[in-house]
Amino acid sequence: MMDLVFSDAAKKELKDLPQDLKTIFLKHLNKIQHMPPRRHMKHGIPHHVEKVTKQARLIYNVEEDKLYILHCFKNHKEYERWYKSYK
């Protein structure tokens, strides 16, 4: 099982989520810890993305036995704004 390491941004974003959405994010984090990452981002962006709900996204990196959580976006608008900053 991989260790979770949260960025300061991810900690704040997770803390600010409604409790029901926070529970869903935590379940996905548990799943990612036990299963290898599946979807890598496109356009040379060096991160993985996990679709948590229809709108919510989780951005993370995997290095050796650690899972670095970078962002916990509660809606697609926030995710798109961050994603477009790389283009």
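In what follows, the structure referred to is the one given above.
Attention in this report is confined to the structure presented alongside it. Throughout, a residue's number is its position along its own chain's written sequence, starting from 1. Local features in a predicted model are, by the rule used here, given only for residues with pLDDT of at least 70; side-chain atom pairs are given and counted only at 80 or more, and totals for whole chains, interfaces and linings are based on all residues. Hydrogens and water molecules were not included; the side-chain quantities draw on all heavy atoms of the structure.

**Focus on the overall build of the chain**
Inclusion rule: The helix and strand labels rest on DSSP assignments: H or I over at least four residues marks a helix, E over at least two residues marks a strand, and numbering proceeds from the N terminus. Throughout, exposure labels follow a simple rule: accessible area from a 1.4 Å probe, protein chains only, divided by the maximum for the residue type, with under 20% read as buried, over 50% as exposed, and the rest as partly exposed. A contact between two residues is defined here by any heavy atoms of the two lying within 4.5 Å. Computed with the Shrake-Rupley method and a 1.4 Å probe, the accessible areas treat only the protein chains shown as cover for residues.
Along the backbone of the chain there are three helices and four strands. When the helices and strands of the chain are read in sequence order from the N terminus, they spell out β-α-α-β-β-β-α. Counting all 87 residues of the chain, 38% fall into the buried class. Partitioning the intrachain contacts of the chain with sequence separation of at least 6 by distance along the chain shows that 46% fall at a separation of at least 24. Surface summary for the chain: the accessible area is close to 5600 Å², and the carbon and sulfur share equals 53%.

**Thoughts on the nonpolar core**
Going by this rule: What is meant by a nonpolar core is a set of buried Ala, Val, Leu, Ile, Met, Phe, Trp, Tyr and Cys residues, joined one to another through side-chain atoms within 4.5 Å.
If you look at the biggest cluster of nonpolar residues, it comprises 15 residues, and the most contacted ones within it are Phe25, Leu58, Tyr60, Leu67, Ile69 and Cys72. Of all the secondary structure elements, the ones that give two or more residues to this core are helix 1 (8-15), helix 2 (19-34), strand 3 (57-63) and strand 4 (66-73). Discounting residues that sit within four places of it in the chain, Leu67 has contacts with Met2, Asp3, Leu4, Val5, Ile32, Gln33, Tyr60, Asn61 and Val62.

**Quick notes on the side chain of His28**
For His28, the position within the fold is in helix 2. Other than its neighbours up to four places away in sequence, His28 contacts Glu50, Lys51 and Val52.

**Digging into unusual backbone geometry**
Located in the positive-phi region is Glu64, a residue other than glycine, with phi close to 50°. On the secondary structure map, Glu64 appears in the loop between strand 3 and strand 4. A relative accessible area of 78% means that Glu64 is categorised as exposed.

**Considering helix 3 (residues 76-84)**
Quick reminder of the rule: Directions from the helix axis toward the C-beta atoms define the arc. Pairs of N or O atoms are called polar contacts if they sit within 3.5 Å, as long as, within protein, a hydrogen donor faces a hydrogen acceptor (for residues adjacent in sequence, only side-chain-to-side-chain pairs).
Turning to helix 3, its buried residues are Tyr79, Trp82 and Tyr83. Projected onto a plane normal to the axis of helix 3, the buried residues spread over an arc of 100° and lie on a single side. Helix 3 presents Lys77, Arg81 and Lys84 as exposed residues on the side facing more than 90 degrees away from its buried surface. Tucked into the core, helix 3 has its buried residues touching strand 2 (48-51), strand 3 and strand 4. The N-cap residue of helix 3 is Asn75: its side-chain oxygen and the backbone nitrogen of Lys77 are 3.2 Å apart.

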